[in-house]
Every structure is written in C-alpha cells, then in structure tokens.
Amino acid sequence: MTNRILVSGGAGFLGSHLCERLLNEDHEVICFDNFGSGQLDNISGYKDHPKFTINDRDIRLSGSLPPVDRIYHLASRASPADFTDFPVDIALTNTQGTRRLLDHARACDARMVFASTSEVYGNPKVHPQPETYTGNVDIRGIRGCYDESKRFGETLTVAYQRNYDMDVRTIRIFNTYGPRMRPNDGRVVPTFVTQALRGEDLTIYGDGEQTRSFCYVDDLIEGLVSVMRAEDPEYDVYNIGKENELTINELAEEVLQLTDTDSNIIYKPLPEDDPNQRRPDVTRAKAELNWNPRVPLHDGLKQTIDYYKISHQIGD
Ligand SMILES: NC(=O)c1ccc[n+]([C@@H]2O[C@H](COP(=O)([O-])OP(=O)(O)OC[C@H]3O[C@@H](n4cnc5c(N)ncnc54)[C@H](O)[C@@H]3O)[C@@H](O)[C@H]2O)c1
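**Q** Can you help me understand the site of the ligand in this one?
**A** Contacts to the ligand come from 29 residues, most closely from G9, G12, S37, G38 and I173. Put simply, the parts of the chain that give the shell around the ligand at least two residues each are helix 1 (13–24), strand 2 (28–33), helix 4 (87–108) and strand 5 (111–117). Residue composition of the shell around the ligand, by class: eleven nonpolar, 14 polar and four charged.

Below, the structure written as structure tokens:
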C-alpha cells in the first residue's frame, strides 16, 4: 500500500535519506523544512520527482498542513554545536512543533513517528541504555534545550495517545553518521573526516576515552521505517542505533587510517555535560521489528569519506 506522508525536517541529514527511501517505495512525500540546518543539495536528486513536494516552512508556525496518513517528525537541529547558538529554536521545535504535528495527526487520523534521541538518557547511570531507563539529564545544562525538549516531546506524544487514542510512536536515535551531514555540522564524524581530508589535526574534546556507538544512516532509516510500518507493535518507543561502542580515540584512529593523512590528534577541554558513555540496548527493535543494523563502521566511514571528497571537493 502506498501512503501520503508528511516528513518534517526532510531536507536535513536523516530526513533527506528518509524522503528518498519513501519515494523509492512509491509513496507520496510532502516535506516541511525551514532550512535552518537543512540543505537544498540534500534533496537535489529528487526535488523534481512528481510525488515529492518541498515546503520551506517552520513547523512551529501555524498555517494549514495537507491531509496525510503518515507523519515522520524529524525537524530539529541535532548538533551539539547548535545547542549554544539556537537553544530557543531547538526547545520550541521539539515542543511547540511537536504539538502542531500531533494536532495535525489527530485531525487526519494519521499514524505518527516522533524522532527522539538517546540524549533523553543524558549522562547515563545505566549501561547500555534500554528504553525503560528514565535517564539522567541536567535540565538547566547547555544540552538541556535539546535533551529536555525531546523528553517533553515524548511526554506530549504519550499524553495525546492516552487522551485521544492516537497511534504515535517514538524512535530514540543513537549517534548516526553518513553522507549529507553538513561538513561544518559540529558532530564528531563530519568534523574528524573533514579535518583529516584537509590535512588538519583532529580535535578531541576531553581525553577521548568517552564512548559512543555509531550507526550508519542506511541502517537507521531501515529502523525508522520499521517502527512506522509495524502493525500493532507491542511497544510505542524503540531505541535504534548500533551496539558497536568505541572510544572517540578509536574513532579518530579509524578515520586517520582510512583517509591516509598526515594529521595528528589534538586534545581540548571537554564541554559541559558531555556524556561519558553511550550504547543502545536494541533488544526490543531486534526482537519485535526484526531489525538488525548491518553496515560495519569501516564501510560506513568509507562511504562518508567519499561523499565529502566528491560532493564537497574536500581533500584530493
Ligand atoms: N543524526 C543523529 O545522530 C541523530 C541522533 C538522535 C536524534 N536525531 C534526531 O533526528 C532528527 C533529524 O536529525 P538530523 O541529524 O538529520 O539533523 P539535521 O539538522 O540534518 O536535520 C534537521 C532538519 O530539521 C529542520 N528543522 C529544524 N527545525 C525546524 C523547524 N522548526 N521547522 C522546520 N524544519 C526544521 C532543519 O532545517 C533540518 O533540515 C532530529 O529530530 C534529531 O533530533 C538525530
């Protein structure tokens, strides 16, 4: 069955890959993006597709939205670099924007998936993090605008579900990387890759022993679509991410090897609130959705490096 689908944040990194995947499955895709961190280049491959519409609009603002039967709500800046510069935008996109889309889903009787984040676990005291872990977030910290607004976005989805008997699901996304992240995005993979390709030293904040688990974008999109597609799923919230926890030092070494550069590593002080450890417990998604991330870090990084070389002419 094909659907009429609204994607908020569809010109961003994940949103653009999602739109492409949905168009390939012959769905009609209506994308809303304010191009804050989204890029026209991300959607250039299919912007003229007869089943694709792009609307340059902020989802926090009122205005009519088209009738649809599915909504993916991905709008929100997600780079820690933006938490300092755009805290109000971020906080309101995940709360006021989420409310607008929930109201719209209710009006259309549409199924909705809200893109939440592993940041709802904050600096976790439970490791790895299952969906049942309630988290350890500093609500007044520099990351609070993002972490806490995603938490409230989730609270709102559950409230709408209970109050109005709606079908709203949440996916908690763990660090995802791949082509179409902005080179100056501030997140660690594009930063390391573009530094290495330019022959600059790689910047590590702290001692580099903090861990993250990196999922390649294709695996993430498969998980996202699986959460939407599931009929009567047992749960309404799923962690989606890869369990291959590694230190930031190890990630830097892998990037240095793959880019064959003379760059070194330099260390700078750790920013406030930076989580020490991050690894998803994805038992739920694997068992119920039959989802399994497949792309090894080595292969995903190679694809990402090629993207920056070819699309942004960085390096070579
Ligand atoms: N990439 C990751 O590792 C990751 C991890 C956890 C959660 N997420 C979540 O996934 C979603 C997509 O993240 P991404 O990595 O693609 O980031 P991104 O910055 O590339 O994409 C976000 C998109 O949302 C748009 N946007 C932001 N605020 C908006 C608003 N008010 N109205 C309309 N459009 C708006 C931006 O212009 C951009 O195109 C976000 O909700 C993010 O919180 C991503």
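**Q** Quick question: what am I supposed to make of the nonpolar core here?
**A** It is characteristic of soluble globular proteins that their nonpolar side chains tend to be buried jointly. Counting residues in hydrophobic clusters, the biggest one holds 69 residues, and the most contacted among them are V7, L18, M112, F192 and L224. Three or more residues apiece are contributed to this core by two domains, here domain 1 (4–176 + 215–240) and domain 2 (179–212 + 244–275 + 295–311). Each residue touching F192, except ones within four places of it in the same chain, is listed here: L202, L251, A252 and V255. Core analysis: the next-biggest nonpolar cluster, separate from the first, contains five residues, F83, I90, A91 and C145 among them.

**Q** Explanation requested: helix 7 (residues 217–229) in the structure shown.
**A** Over its 13 residues, helix 7 extends 18 Å from the first C-alpha to the last, a length consistent with the 18 Å expected when each residue adds 1.5 Å. Regarding helix 7, the residues found buried are V217, D219, L220, I221, G223, L224, V227 and M228.

**Q** It is not clear to me how the environment of D218 should be interpreted in this structure. Could you clarify?
**A** Relative to the assigned elements, D218 resides in helix 7. Along the primary structure D218 and L14 are separated by 204 residues, whereas in three dimensions their C-alpha atoms are 9.3 Å apart.

**Q** What am I meant to see in the sheet that holds strand 2 here?
**A** Within a sheet, each strand pairs with its neighbour through backbone hydrogen bonds, oriented either parallel or antiparallel. The seven strands lie next to each other as 3-2-1-4-5-6-11, forming an open sheet whose pairing is parallel. Since the sheet does not close on itself, it has two edges, and those belong to strand 3 (52–56) and strand 11 (237–240), each with one partner. Shown here is a sheet whose adjacent strand axes are inclined to one another by a mean of 20 degrees, direction ignored. Where strand 2 meets strand 3, five bridges bridge the pair, whose relative direction is parallel. Opposite D33, over in strand 3, you have D56 as the bridge partner. Those strands touched by helix 4 are strand 1 (4–8), strand 4 (70–73), strand 5 and strand 6 (168–173), and its axis lies near 170 degrees from that of strand 4. Sitting on the sheet, helix 5 (residues 144–164) is in contact with strand 5 and strand 6, with an inclination near 155 degrees to strand 5.

Definitions and cut-offs
- Residues numbered from 1 in each chain as written.
- Predicted model: local features only at pLDDT ≥ 70, side-chain atom pairs only at ≥ 80, totals over all residues.
- Near = placed C-beta within 6 Å.
- Helix = DSSP H or I, 4+ residues; strand = E, 2+ residues; numbered from the N terminus.
- Nonpolar A, V, L, I, M, F, W, Y, C, P; charged D, E, K, R; others polar.
- Core = buried A, V, L, I, M, F, W, Y, C linked by C-beta atoms within 7 Å.
- Buried ≥ 20, exposed ≤ 12 C-beta atoms within 10 Å, placed from the backbone.
- Domains from an automatic or database assignment.
- Contact = placed C-beta atoms within 7 Å.
- Expected span 1.5 Å × (residues − 1).
- Pairing = 2+ DSSP bridges.
- Axes fitted to C-alpha atoms, helices over the stretch in contact; angles between N-to-C directions.

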